[in-house]
Structures are given as structure tokens and as C-alpha cells.
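Fold and geometry: a report
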Amino acid sequence: MSNPAFDLFEEICTELSGKGESVLIDDDFSPETLEGIKRSFQEPATTSAVAKALDYLREHFKNRGSTLPFTYDLTTGRVTALHREYIEFVSDAQVQRSKDKESKNFEIATAKCLAARLTGTLRRVGWPRNKHKKPSELSSYLHVHLGFRKDVLVGNDRDGGFDVLWLPPLGAVPFPAIVSLQCKNSPYDRQDGLASVGRAEQSLHRHSHASAEGTHLHCVIYNDYIDSRFMERSRDVGFVPLGISDLAPLITNDATFECL
């Protein structure tokens with residue numbers, strides 16, 4: 001069962017898509033979403049339920065170092081876009097969800113959002129590609145630029161199970177820090193994530209230097225929202241599950257330090 005607060009979030013972003021602001025009334029939301037937030041937050045009045053849903057969303061985004069991409073004035077129903085590119089990403093993602101033909105577009109859009117949050121280098125290498133289309137061309141690229149062995153791709157493999165590779169600014173080829181980011185254009189699925197990570201892990205073991213078990217971090221980014229509903233199901237899963245809200249712009253990119 002989906003969290004109705006995120007249904008509300010997506011409907012607001014969809015309404016703001018292509019606009020700077022809008023005025024929302026009850027009829028602008030689906031009846032299912034309004035009934036869902038009333039039930040979830042135990043509020044019979046629509047305005048009170050929306051207020052509690054927005055409070056939940058603000059805390060959810062705050063825990064991820066970001067904020068809601070819009071302001072919402074409950075007295076007037078006026079919503080104003082703060083991060084229009086991210087709002088467009090959310091609006092597009094909900095249309096693309098679970099559509100196989102949209103997987104490449106979701107990967108590319110996800111990588112662009114990540115690039116705004118991270119430092120270092122992001123390489124989207126998943127199939128289909130616009131460059132290095134032949135497996136031999138990708139093998140050469142991974143060997144020269146990331147330090148993999150020349151036989152990183154085997155058989156009819158077209159991408160080694162990789163979607164996006166992130167190189168934080170730590171180390172250098174042939175021993176760079178590498179984070180494998182899998183993109184799933186679908187709701188959270190533990191087994192699907194494990195299958196993607198397992199295939200990528202095999203290719204990471206073909207690195208010239210960083211080939212040992214546990215050398216790399218794996219993240220799986222779903223076209224979904226990861227909250228407390230998934231925590232028990234994600235225990236000991238072996239990868240970090242991420243979702244749409246984990247791609248929102250950061251309040252600050254400055255690192256923090258704490259000495260215990």
C-alpha cells in the first residue's frame with residue numbers, strides 16, 4: 001500500500017509542472033488521495049489532513065537534507081514552486097513509473113538529480129547508450145577511465161549490469177572509490193534490487209584493483225518513496241534503498257565533521 005502523503009506530493013508537483021505557481025482546491029486532488037490522507041492522519045477535515053500530510057513531508061525531506069520543492073499556503077490554497085527542475089523530475093517520474101520504454105529516461109533524469117547533490121563524477125553506462133554502444137567499446141572505456149580489467153564484460157553482456165557509476169573524489173585510477181547506483185523504474189521490490197546488485201557485483205569483481213568482496217557500496221534507486229514502511233523489509237539487504245525524495249536538492253553541500 002502506498003503512503004497517501006506521497007500521492008498528495010506527486011499531485012501537487014504535477015499541478016505545478018510547467019508553472020511557477022497555482023491555486024489548489026479540493027477538486028484538484030483525486031478523491032482517493034484525499035480519503036487516503038484523511039484515513040492515514042485520522043483527520044476528517046480535508047484542510048487539517050492536508051496540513052498534517054505536509055508536515056509529514058517536510059520532516060521526511062528534512063531528514064534527507066532537503067526541503068519540499070514548493071510552498072503551500074493552506075489559507076488560500078496557493079502553491080509556489082521553489083525548485084522547478086526537481087518538480088518537473090517528480091512529475092515526469094510518476095508518468096514513467098513501471099513503463100519499460102521509459103527506463104532509460106528515468107536513469108538519465110535520476111543521474112542528473114544526483115549530479116546536483118554529489119561531488120566527484122557520475123557515469124551513466126547502462127544499456128541502451130548513446131555512446132560506446134558496442135560491448136567492446138564500453139569495455140575499453142571502463143578499462144581506460146575507471147581501471148577495470150579488459151574482460152569486464154563477458155559473452156553477450158552489454159553493460160555489465162551497471163546503470164550509473166559514481167566516483168566520489170577519493171582515490172584515483174586504477175584504485176578509485178566506486179559506488180554502483182542501480183535505477184529501477186518501478187516501486188520498491190527487494191528481490192528485484194538484489195538481482196540488479198548481484199549482477200553488478202560480478203562485474204565489479206573484474207576490477208583490476210578493487211575486486212575484493214565488500215570493496216564497493218551499492219545503492220538501488222526506485223521510482224518510489226522510501227520511508228519506514230520498507231525498513232524491516234530492507235534489513236540486511238546488502239544495498240541502500242533510495243527513492244524520489246532522496247534526489248531532491250540539498251539545503252547545503254558542505255560536509256560536516258564531528259569528533260567523538
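The rules behind the values
- Residues numbered from 1 in each chain as written.
- Predicted model: local features only at pLDDT ≥ 70, side-chain atom pairs only at ≥ 80, totals over all residues.
- Heavy atoms only, no water.
- Helix = DSSP H or I, 4+ residues; strand = E, 2+ residues; numbered from the N terminus.
- Expected span 1.5 Å × (residues − 1).
- Buried < 20%, exposed > 50% of the residue type's maximum accessible area, 1.4 Å probe, protein only.
- Arc of directions from axis to C-beta.
- Contact = heavy atoms within 4.5 Å.
- 1 Å grid on protein atoms, 1.4 Å probe; cavity = no way out; pocket = protein on both sides within 12 Å on 5 of 7 lines; lining within 4 Å.
- Points joined across faces, edges and corners; volume = space filled by probe spheres on them.
- Nonpolar A, V, L, I, M, F, W, Y, C, P; charged D, E, K, R; others polar.
- Core = buried A, V, L, I, M, F, W, Y, C linked by side-chain atoms within 4.5 Å.
- Phe/Tyr/Trp six-rings, centres within 6.5 Å; stacked < 30°, edge-to-face > 60°.
- Pairing = 2+ DSSP bridges.
- Salt bridge = Lys/Arg side-chain N within 4 Å of Asp/Glu carboxyl O.

Regarding helix 3 (residues 46-62)
Given a rise of 1.5 Å per residue, 17 residues ought to cover 24 Å, and the 24 Å separating the end C-alpha atoms of helix 3 matches this to within 8%. Burial in helix 3 covers these residues: Thr46, Ala49, Val50, Ala53, Leu54, Leu57, His60 and Phe61. In a view along the axis of helix 3, the buried residues occupy a sector of 135°, so they form one face of it. On its buried face, helix 3 is in contact with helix 1 (4-16), helix 2 (31-40), strand 2 (70-73) and helix 4 (84-96).

Let's talk about unusual backbone geometry
With an omega of 0°, the peptide bond between Trp127 and Pro128 qualifies as cis. Looking at the element boundaries, Pro128 is found in the loop between strand 4 (121-124) and helix 6 (135-146). Geometrically, the link from Val173 to Pro174 is a cis peptide bond, its omega value of 15° lying close to zero. By the secondary structure assignment, Pro174 is in the loop between strand 6 (171-172) and strand 7 (175-176).

Notes on the layout of surface pockets
By volume, the largest pocket amounts to about 340 Å³. As for the largest pocket, its lining consists of 23 residues, of which Ser103, Glu107, Asp163, Cys183 and Lys184 are closest to the centre. Taken together, the elements giving at least two residues each to the lining of the largest pocket come down to helix 5 (103-117), strand 8 (179-184) and helix 7 (190-204). Of the residues forming the lining of the largest pocket, the biggest block, four residues, is contributed by helix 7. Among the residues making up the lining of the largest pocket, the classes are represented as five nonpolar, seven polar and eleven charged. Looking at the second largest pocket, its volume works out to about 280 Å³. In this structure, the second largest pocket is lined by Ile108, Ala111, Lys112, Arg123, Arg124, Val125, Arg129, Asn130, Lys131, His132, Leu138 and Tyr141. For the lining of the second largest pocket, the elements supplying multiple residues, two or more each, are helix 5, strand 4 and helix 6. Among the elements that make up the lining of the second largest pocket, the one with the highest residue count is helix 5 (three residues).

Points about the nonpolar core
Formed by 44 residues in total, the largest nonpolar core has its most connected members in Phe9, Ile12 and Tyr86. With seven residues, helix 1 is the largest single contributor of residues to this core. If near-sequence neighbours (up to four positions away) are discounted, Tyr86 is found in contact with Phe9, Phe61, Pro69, Ile244, Ser245, Leu247, Ala248 and Pro249.

What about the packing of aromatic side chains?
Under the definition given, this model contains ten aromatic pairs. Aromatic side chains Phe148 and Phe162 sit 5.7 Å apart centroid to centroid with 55° between the ring planes, which places their arrangement in the tilted category. Residue Phe148 is located in the loop between helix 6 and strand 5 (164-167), and its partner Phe162 is located in the loop between helix 6 and strand 5; the two are separated by 14 residues in the primary sequence. A relative accessible area of 0% means that Phe148 is categorised as buried.

So, the pairing of strand 3 (residues 78-81)
Burial along strand 3 is one-sided: Val79 and Ala81 are buried, while Arg78 and Thr80, pointing the other way, are not. Bridge count between strand 1 (residues 21-23) and strand 3: three bridges; the pairing is antiparallel. Counterpart to Ser22 in the pairing with strand 3 is Val79. With four bridges joining them, strand 2 and strand 3 adopt antiparallel strand pairing. Within the sheet, the bridge partner assigned to Phe70 lies in strand 3 and is Ala81.

Remarks on the pattern of salt bridges
Enumeration over the complete set of coordinates arrives at 13 salt bridges. Arg64 is paired through a salt bridge with Asp246; the nearest N and O atoms lie 3.0 Å apart. Of the two residues, Arg64 is situated in the loop between helix 3 and strand 2 and Asp246 in the segment after strand 10 (240-242); the sequence distance between them amounts to 182 residues. Here Asp246 falls in the buried class, since its relative accessible area comes to 14%. The salt bridge partner of Asp227 is Arg229, with a shortest N-O separation of 2.7 Å.

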